[in-house]
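Below are the chains, spelled out letter by letter.
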Amino acid sequence: MLRPQNSPTREMVTLDGTWRFAVDWDRTGLTDNWQNGPLTGHLDAPVPGSINDLYHDEKIRNHVGYYWYQREVRVPRGWDGERIFVRLESATHEGTVFVNGTKVVEHAGGYTPFEADITDHVTAGETFRLSVAVNNELTNSSIPPGEIIELEDGRHQQEYKHDFYNYAGLHRSVWLCSVPAVRVDDVTVTTDYRGATGAVDYAVSVTGGDDAHVAVRVLDEDGTEVARANGASGTVEIPDVTLWQPGAGYLYDLVMEVSQGSELKDSFTQKVGVRTVAVEGKQFLINGESFYFTGFGMHEDHETLGKGHSDAHMIQDFQLLEWINANSLRTSHYPYSEDIMDYCDRHGVVVIDETAAVGLNWAIAGGIMGGSAGGTFEPGHVDDSTQTTHRQAIRELVDRDKNRPSVVLWSIANEPDTAAEGARGYFEPLVELTRELDPSRPVGFVNVMFAPAGACTVSDLFDVLMLNRYYGWYVQTGDLRTAEASLEKELRQWDEQYAKPTIMTEYGADTVAGMHSIYDQPFTEDYQVAFLDMYHRVFDRVECMIGEHVWNFADFQTKYGYARVDGNKKGAFTRDRRPKAGARALRQRWAGKLGR
Ligand code: GCB
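Everything numeric in this text was worked out from a predicted model, so none of it was measured.

Caption draft 1: Up close: the overall build of the chain. Counting its regular elements, the chain contains eight helices and 30 strands. In terms of overall size, the chain behaves like a compact globule, its C-alpha atoms giving a radius of gyration of 24 Å where 596 residues would be expected to give roughly 25 Å. Each of the 596 residues in the chain was classed as buried or not, and the buried ones make up 59%. For the chain, contacts bridging at least 24 residues in sequence account for 72% of all contacts bridging at least 6.

Caption draft 2: Broad picture of the site of the ligand. Taken together, 13 residues sit near the ligand, with Asp-163, His-333, Glu-415, Tyr-474 and Lys-570 positioned nearest. At 2.7 Å, a side-chain N or O of Glu-506 approaches an oxygen atom of the ligand. One of the side-chain nitrogen or oxygen atoms of Trp-551 is found 3.0 Å away from an oxygen atom of the ligand. Here the ligand loses 95% of its free accessible area of 320 Å² to cover by the protein chains. Residues that form the shell around the ligand fall into these classes: four nonpolar, four polar and five charged.

Caption draft 3: Just the pattern of salt bridges, in detail. The full count for this structure, using the stated rule, is 46 salt bridges. Across the pair Arg-492 and Glu-488 runs a salt bridge, and its minimum N-O distance is 2.7 Å. In this pair, Arg-492 and Glu-488 both sit in helix 6 (residues 480-498), four residues apart, roughly one turn of the helix. Here Arg-492 falls in the partly exposed class, since its relative accessible area comes to 34%.

Caption draft 4: Molecular detail of the packing of aromatic side chains. Counted under the stated rule, the structure contains 32 aromatic pairs. Aromatic side chains Tyr-111 and Tyr-334 sit 4.5 Å apart centroid to centroid with 20 degrees between the ring planes, which places their arrangement in the stacked category. With Tyr-111 in the loop between strand 7 (102-108) and strand 8 (114-117) and Tyr-334 in the loop between strand 24 (328-330) and helix 3 (338-347), the pair connects residues that are 223 residues apart, well separated along the chain. The pair formed by Tyr-111 and Tyr-334 is uniform in burial state, with each residue classed as buried. With centroids separated by 5.2 Å and ring planes inclined at 70 degrees, the aromatic side chains of Phe-284 and Phe-293 adopt a geometry described as edge-to-face. On the accessibility criterion, Phe-284 (0% relative accessible area) is buried.

Caption draft 5: Region of interest: the side chain of Ser-178. By the element assignment, Ser-178 lies in strand 12 (residues 174-179). In contact with Ser-178, other than residues within four places in its own chain, are Thr-9, Arg-10, Glu-11, Trp-79, Glu-82 and Arg-83.

Caption draft 6: Region of the structure containing the environment of Tyr-507. Tracing the backbone shows Tyr-507 in the loop between strand 29 (502-506) and helix 7 (525-539). Given a relative accessible area of 0%, Tyr-507 falls into the buried group. Residues Tyr-507 and Asp-353, 154 residues apart in the sequence, show an inter-C-alpha distance of 18 Å. Leaving out residues up to four positions away in the same chain, Tyr-507 has contacts with Arg-469, Tyr-470, Phe-531, Leu-532, Tyr-535, His-536, Phe-539, Glu-548, His-549, Val-550, Trp-551 and Trp-590. Separated by 2.7 Å, the side chains of Tyr-507 and His-536 make a polar contact.

Caption draft 7: Spotlight on the sheet that holds strand 13 (residues 183-194). Strand order in this open sheet of three strands is 13-14-17, and the pairing throughout is antiparallel. Edge positions in the sheet fall to strand 13 and strand 17 (233-238), since each has one partner strand and no second. Across the sheet, the axes of successive neighbouring strands diverge by a mean angle of 25 degrees, strand direction being ignored. Pairing analysis gives six bridges linking strand 14 (residues 197-207) to strand 17, with the strands arranged antiparallel.

Caption draft 8: Quick look at the sheet that holds strand 6 (residues 94-99). Strand order in the open sheet formed by six strands is 3-2-4-9-6-7, and the pairing between neighbours is antiparallel. Strands at the two margins of the open sheet, each flanked by one partner only, are strand 3 (43-47) and strand 7. The average undirected angle you get between the axes of adjacent strands in this sheet is 30 degrees. Note: strand 2 (residues 17-23) against strand 3, five bridges, orientation antiparallel. In the strand pairing of strand 3, Gly-17 is matched with Val-47.

Caption draft 9: Here's a closer look at the side chain of Thr-502. Position of Thr-502 relative to the elements: it lies in strand 29. Overall, Thr-502 belongs to the buried group, its relative accessible area being 1%. If near-sequence neighbours (up to four positions away) are discounted, Thr-502 is found in contact with Leu-465, Leu-467, Cys-544, Met-545, Ile-546 and Gly-547.

Caption draft 10: The arrangement of the packing of helix 2 (residues 311-323) against helix 3 in detail. Viewed as axis vectors pointing N to C, helix 2 and helix 3 meet at an angle of 35 degrees, and their least axial separation amounts to 11 Å. When you trace helix 2 past helix 3, the crossing you get is right-handed. Between helix 2, through Asp-311, Met-314, Ile-315, Phe-318 and Gln-319, and helix 3, the contact on the second element is made entirely by Asp-339, Ile-340, Tyr-343 and Cys-344. The class makeup of the residues in the contact of helix 2 with helix 3 is six nonpolar, one polar and two charged.

Caption draft 11: Structural context of unusual backbone geometry. In this model, Val-47 is joined to Pro-48 through a cis peptide bond whose omega is 0 degrees. Tracing the sequence through the fold places Pro-48 in the loop between strand 3 and helix 1 (58-62). For the bond running from Trp-551 to Asn-552, omega is 5 degrees, close enough to zero to count as cis. Relative to the assigned elements, Asn-552 resides in the loop between strand 30 (545-551) and helix 8 (581-593). Positive phi is not limited to glycine here, since Asn-100 has a value of about 50 degrees. For Asn-100, the location among the structural elements is in the loop between strand 6 and strand 7. The phi dihedral of Asp-566 falls on the positive side, at around 55 degrees, and the residue is not glycine. Position of Asp-566 relative to the elements: it lies in the loop between strand 30 and helix 8. Judged by relative accessible area, which is 58%, Asp-566 ranks as exposed.

Caption draft 12: Structural detail: helix 7. Taking 1.5 Å per residue as the helical rise, helix 7 with its 15 residues ought to reach 21 Å, and the 21 Å between its terminal C-alpha atoms agrees with that figure. If you check which residues of helix 7 are buried, you get Glu-525, Tyr-527, Gln-528, Phe-531, Leu-532, Met-534, Tyr-535, His-536, Val-538 and Phe-539. If you follow the buried residues of helix 7, they end up packed against helix 6, strand 29, strand 30 and helix 8.

Rules and cut-offs
Counting restarts for each chain, with residues numbered from 1 along the sequence as it is written. With pLDDT at 70 or above as the cut-off, local features in this predicted model cover only qualifying residues; side-chain atom pairs require 80 or more to be listed or tallied, and sums for whole chains, interfaces and linings still use all residues. Calculation of side-chain values draws on the structure's entire complement of heavy atoms; hydrogens and water are dropped beforehand. Note on conventions: DSSP H or I runs of at least 4 residues are helices, E runs of at least 2 residues are strands, and numbering of each starts at the N terminus. We compute the radius of gyration over the C-alpha atoms and compare it with the globule rule, which gives 2.2 Å times the number of residues raised to the power 0.38. Type-normalised accessible area, obtained with a 1.4 Å probe on protein chains alone, sets the label of each residue: buried when under 20%, exposed when over 50%, and partly exposed for intermediate values. Residue contacts are defined here by distance: any two heavy atoms, one from each residue, within 4.5 Å place the two residues in contact. Any residue with a heavy atom positioned within 4 Å of a molecule or strand is treated as near that molecule or strand. By the criterion applied in these results, polar contacts are pairs of N or O atoms within 3.5 Å in which, for protein atoms, one can donate a hydrogen and the other can accept it, and in which residues neighboring in sequence qualify only through two side-chain atoms. Residue-level accessible areas treat just the shown protein chains as cover; the underlying method is Shrake-Rupley with a 1.4 Å probe. Classification convention: Asp, Glu, Lys, Arg as charged; Ala, Val, Leu, Ile, Met, Phe, Trp, Tyr, Cys, Pro as nonpolar; all other residues, Gly among them, as polar. Just to be clear on terms, a salt bridge is a Lys or Arg side-chain nitrogen sitting within 4 Å of an Asp or Glu carboxyl oxygen. Side-chain rings of Phe, Tyr and Trp, where Trp is taken by its six-membered ring, are said to pair if the distance between their centres is within 6.5 Å; with planes under 30 degrees apart they count as stacked, over 60 as edge-to-face, and otherwise as tilted. Here, a strand pair is defined by DSSP locating no fewer than two bridges between the strands. A fitted line through C-alpha atoms serves as each axis, taken over the contacting stretch for helices, and the angle formed by two N-to-C directions is quoted from 0 to 180°. Put simply, a crossing is left-handed when the front helix is turned counterclockwise from the back one by less than a right angle, and right-handed when it is turned clockwise. Given the number of residues in a helix, its expected span is that number minus one, multiplied by 1.5 Å.

Listed below in structure tokens is the structure:
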């Protein structure tokens, strides 16, 4: 699905702002057809934004089920004869959209976009009522999975096995768009270069006209045409190409023009960065050069907004990433907003792009995250229905981000129970699917500390190893000497057994800003620095290590738990983005790594 844009043949209007809002307390909204009239009550909700931290009524925050959003929309009068779409960048976790009284689309998966062709339900120049029922429930057939518990007093409670708050709502922008009937429906690009000449392989699919002709032009960042070609697929060569590089995200415009006879029907522009990605031995190569990842596992998480996107917060976060000398990030633990991805493309930030498959692990459920015990890969837990949704999550992620130069590696899950029986049967087809959908990028998953080398049953299926380790924190707490020995021993085992490029995708210690000690005392800023230093010494001694992503960029909100005081405090920055001592230590370390 293409991202909407303004072009000579396409227009878009934002539907962001304040919408009417109602909580579907008794789950009667759909049966009572709330879409058929104005929502009752006096509440409003912001789009984009999470709803959980906004209202004084705690029941709204804790509600399990549907929230309803509604607004009036006027279709621009010049859109007569165009196809009209509504596009939601996300509805977490499920959205059902109505135009006036009619259901136009339903979508599951809280972090990927969806759209509906509403041409037959609206009239140019007139208004319509747009309603969205958003469901925040997580079950064993959702990604991420969860379980809804009915309490003795009849209330429902949402359980889940991942460590971030289950924010809900319309977290990203909503658009009304016009597109021509004959139009570009999809485009896939892959890039290469030989010497100074860049090559862009493209394949355009057109809908609405079999006899349509496609012409493509490539413009550089000054708008100068540097290449052109005819046909719906082929290769365009760019002389004296400027490569997309980590830290310098040069983007060309691939302008596709669809005509019938001499009439221009559609014009769509795809941003293209020319770069290559490859895994060779124990190295990860970008443009043929070995790349070392510095950066973080992140979260979309802010006070008040929850997981709602805000450009101001995004720019502040990327400024801090630049300040700290991070060259990359992982979209832990779900696909991030398309605005964030655009930013990474434009600015040369390297991305490990992750699905929302987090918490597929019943083995740690009885431990640090709370929850019920039992095996992971069994009916009712992670089963065929989970896998079906997981497949769809992979499809939608690759479809959304396949043309992004910033994305160099797919992460298809975070910390699944890969030491368990059933893990290989579950993951093998998912790896195959990812490779089928995108043969151009390496595939990985993030391994949990309970599935070390020798116990993990799936690591051989992947191109890159990604490990989360918490020696000195969840185990050997406060004993960095023992932790250093354990970490080094384990990393050497991975190196010997797999000899694959290995990224430490999580390591970190909860740190209370302002707390200090002269001892190795957990939770202090001093311990955070000593902990990070210890990991870095070890990484520098083990050959397969090609990157370090600290957990986490900033403190973030989680569900309640005795191990969480107002959320997870492993941030290098506080939730309001002030640096802890660890941030300055990282800045210095990574300046060295990047030769700054
Ligand atoms: C992990 C998870 C991450 C948690 C982190 C922690 O292994 O991948 O989601 O937040 O540990 O701090 O416990």
